[in-house]
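# Chains, contacts and geometry: an overview
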Amino acid sequence: MNLSEIGYRRVVVKLGTSVLTSGSLKLDRAHMVELARQMACLMKAGVEVVLCTSGAIAAGKEHLSYPKLPDTIASKQLLAAVGQSQLILAWSQLFSIYDLHVGQLLLTRADLHDRERYLNARDSLNALLNNGIIPIINENDAVATAEIKVGDNDNLSARAALLCDADLLILLTDQKGLFDADPRKNPDAKLITEVQKIDDSLRMLAGGAVSGLGTGGMATKLEAADIARRAGIEVVIASGHHKDVIQNVVCKKPVGTHFTALEHPLESRKQWILAGPKARGQVELDVGAITAVTEKGRSLLSKGIIKVNGEFLRGDTIELIDSKGKVYAKGMSRYGSIDVDKIAGKHSDSIEEVLGYDYGDAVVHRNDMVVL
């Protein structure tokens, strides 16, 4: 590979279960070694690679000869616990062919929610990359519960891209990219090669998972792409079985659907707010507050709040919504939900009178807010 053809310094590659199994019930190791070869070529050319891999549960089922287990969370955690070791063993053996070492990072949302743990995970990623070791990331399904799960490896890979300050995220799947219609139902569906903006009309084109083994469909890939591009990271969705797909994407050849990065990416703190903490609650805003927040770059003041949904503490991340539930922004609240409920609709200069104290005029300051 010609280094002069490569426009990227650090790349995150996400491989879906359907890519790793080639549509079967077990890992397709012949295809995995081909993917490892492409990633090894990048490493040898001076491009750092982070691998976000699905397939732990599929690997667990295969290793245990497809046991009949009850359909419970505990059964999935059992399969993930067995499969994780098999998955990392397979990758370790495949990359060793190219004299490369791997290191495993198992994450949950809790690791991304806490700012200190977020930074620790970032340091671990950078330490591996700085020593020529390929980080292999997966969700820690063996211990994760619904409350602390990221939920799918598409979104996990986007958060990994933010963690390691990547400049390209490649989402490999069983589809050639994003189409203007469902290609499984419409033979005239056309591939969308370039996306400048992700809006509601584009999200309507996204379907669900079809393999029965994976948890992410095209909708989760759009979510992941939106997170990454806001941080200044380019994203490509492409088929994991396209010949030399990883190398072609990195060399900027026309493959799959390319999402351009925003010209003015979010600063580090706002990237964490967007990608890390799960929203603990919501505040409903009036029309004037929505305009102030989304169009004028203002902080959220108590006067513009209509009501509070859910319970949250000071410092928790919350969503700013309208009366129909549409989310306009996400940010860290300077007041807990009980206090916000008391000061909702009141002027900022009366906060101390109502509560007996105040943490400032803004309920969510613009420096702690990401407009969506």
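Residues numbered from 1 in each chain as written. Predicted model: local features only at pLDDT ≥ 70, side-chain atom pairs only at ≥ 80, totals over all residues. Heavy atoms only, no water.

## Here's the deal with the sheet that holds strand 6 (residues 194-195)
Taken in spatial order, the eight strands make up an open sheet running 3-4-2-1-5-7-8-6, and their pairing is mixed. In this open sheet, the two strands that pair with only one neighbour each are strand 3 (102-107) and strand 6. Packed onto the sheet, helix 6 (residues 115-130) meets strand 1 (10-15), strand 2 (48-53), strand 3 and strand 4 (134-139) and runs at close to 165° relative to strand 3. (Pairing = 2+ DSSP bridges. Helix = DSSP H or I, 4+ residues; strand = E, 2+ residues; numbered from the N terminus. Contact = heavy atoms within 4.5 Å. Axes fitted to C-alpha atoms, helices over the stretch in contact; angles between N-to-C directions.)

## Observations concerning helix 2 (residues 29-44)
For an α-helix, 3.6 residues make a turn, and residues three or four places apart therefore share a direction. Its 16 residues place the ends of helix 2 22 Å apart at the C-alpha level, agreeing with the 22 Å of an ideal helix rising 1.5 Å per residue. Buried within helix 2 we find His-31, Met-32, Leu-35, Ala-36, Gln-38, Met-39, Ala-40, Leu-42 and Met-43. Looking one or two residues beyond helix 2, the residue adopting positive phi is Gly-46, at roughly 95°. (Expected span 1.5 Å × (residues − 1). Buried < 20%, exposed > 50% of the residue type's maximum accessible area, 1.4 Å probe, protein only.)

## Observations concerning the layout of surface pockets
Reported here for the second largest pocket is a volume of approximately 940 Å³. Arg-203, Asp-226, Arg-230, Val-327 and Leu-372 are the residues nearest the centre of the second largest pocket, which is lined by 28 residues in total. Residue assignment for the lining of the second largest pocket shows that the elements contributing at least two residues are helix 7 (153-163), helix 8 (200-203), helix 9 (218-230) and strand 13 (327-332). At five residues, helix 9 tops the list of elements feeding residues into the lining of the second largest pocket. (1 Å grid on protein atoms, 1.4 Å probe; cavity = no way out; pocket = protein on both sides within 12 Å on 5 of 7 lines; lining within 4 Å. Points joined across faces, edges and corners; volume = space filled by probe spheres on them.)

## Observations regarding the UniProt feature "binding site: substrate" (unreviewed entry) in the protein
The UniProt feature table records "binding site: substrate" (unreviewed entry) at Ser-54, Asp-141 and Asn-153. Positionally, Asn-153 belongs in helix 7. A polar side-chain atom of Asn-153 sits 3.0 Å from a polar atom in the side chain of Ser-54. (UniProt positions renumbered as here; feature names shortened; annotations may be inferred. Polar contact = N/O pair within 3.5 Å; in protein donor to acceptor, adjacent residues only side chain to side chain.)

## Focus: unusual backbone geometry
One non-glycine residue, Asp-165, lies in positive phi territory at about 55°. With respect to the secondary-structure elements, Asp-165 resides in the loop between helix 7 and strand 5 (168-173). Located in the positive-phi region is Asp-244, a residue other than glycine, with phi close to 55°. With respect to the helices, strands and loops of the structure, Asp-244 is situated in the loop between strand 7 (234-239) and helix 10 (245-250). On the basis of relative accessibility, which here comes to 22%, the residue Asp-244 falls in the partly exposed class.

## Description of a negative patch on the surface
There is a patch of like negative charges on the surface, built from Asp-349, Glu-352, Glu-353, Asp-358 and Asp-361. Its place among the elements puts Asp-358 in the loop between helix 14 (351-355) and strand 14 (362-364). With relative accessibility at 37%, the residue Asp-358 sits in the partly exposed group. (Patch = residues over 30% accessible without salt bridge, like charges linked within 9 Å, V, L, I, M, F, W, Y side chains within 5 Å. Areas by Shrake-Rupley, 256 points an atom, 1.4 Å probe, with all protein chains shown as cover. Salt bridge = Lys/Arg side-chain N within 4 Å of Asp/Glu carboxyl O. Lys, Arg positive; Asp, Glu negative; His and termini not counted. Charge placed at Lys NZ, Arg CZ, Asp CG, Glu CD.)

## Structural notes on the nonpolar core
Core analysis: the biggest nonpolar cluster contains 45 residues, and Ile-137, Leu-169, Leu-202 and Phe-259 have the highest contact counts within it. Broken down by secondary-structure element, the contributors of at least two residues to this core are strand 2, strand 3, helix 6, helix 7, strand 5, helix 9, strand 7 and helix 11 (268-275). Ignoring sequence-local partners within four residues, the contact set of Ile-137 consists of Val-50, Leu-51, Cys-52, Thr-53, Leu-105, Leu-107, Leu-125, Leu-156 and Ala-160. Counting 41 residues, the second-largest nonpolar core is a separate cluster that includes Val-13, Ala-40, Ile-136 and Ile-170. (Core = buried A, V, L, I, M, F, W, Y, C linked by side-chain atoms within 4.5 Å.)

## Let's talk about the environment of Ile-305
Along the chain, Ile-305 falls in strand 11 (residues 305-309). Residue class for Ile-305 comes out buried when judged on its relative accessible area of 3%. The spatial distance from the C-alpha of Ile-305 to the C-alpha of Glu-284 is 5.8 Å, given a sequence separation of 21 residues. Sequence-distant contacts of Ile-305, defined by excluding residues within four places in its chain, comprise Val-283, Glu-284, Leu-285, Leu-300, Val-340, Ala-344, Gly-345 and Val-363.

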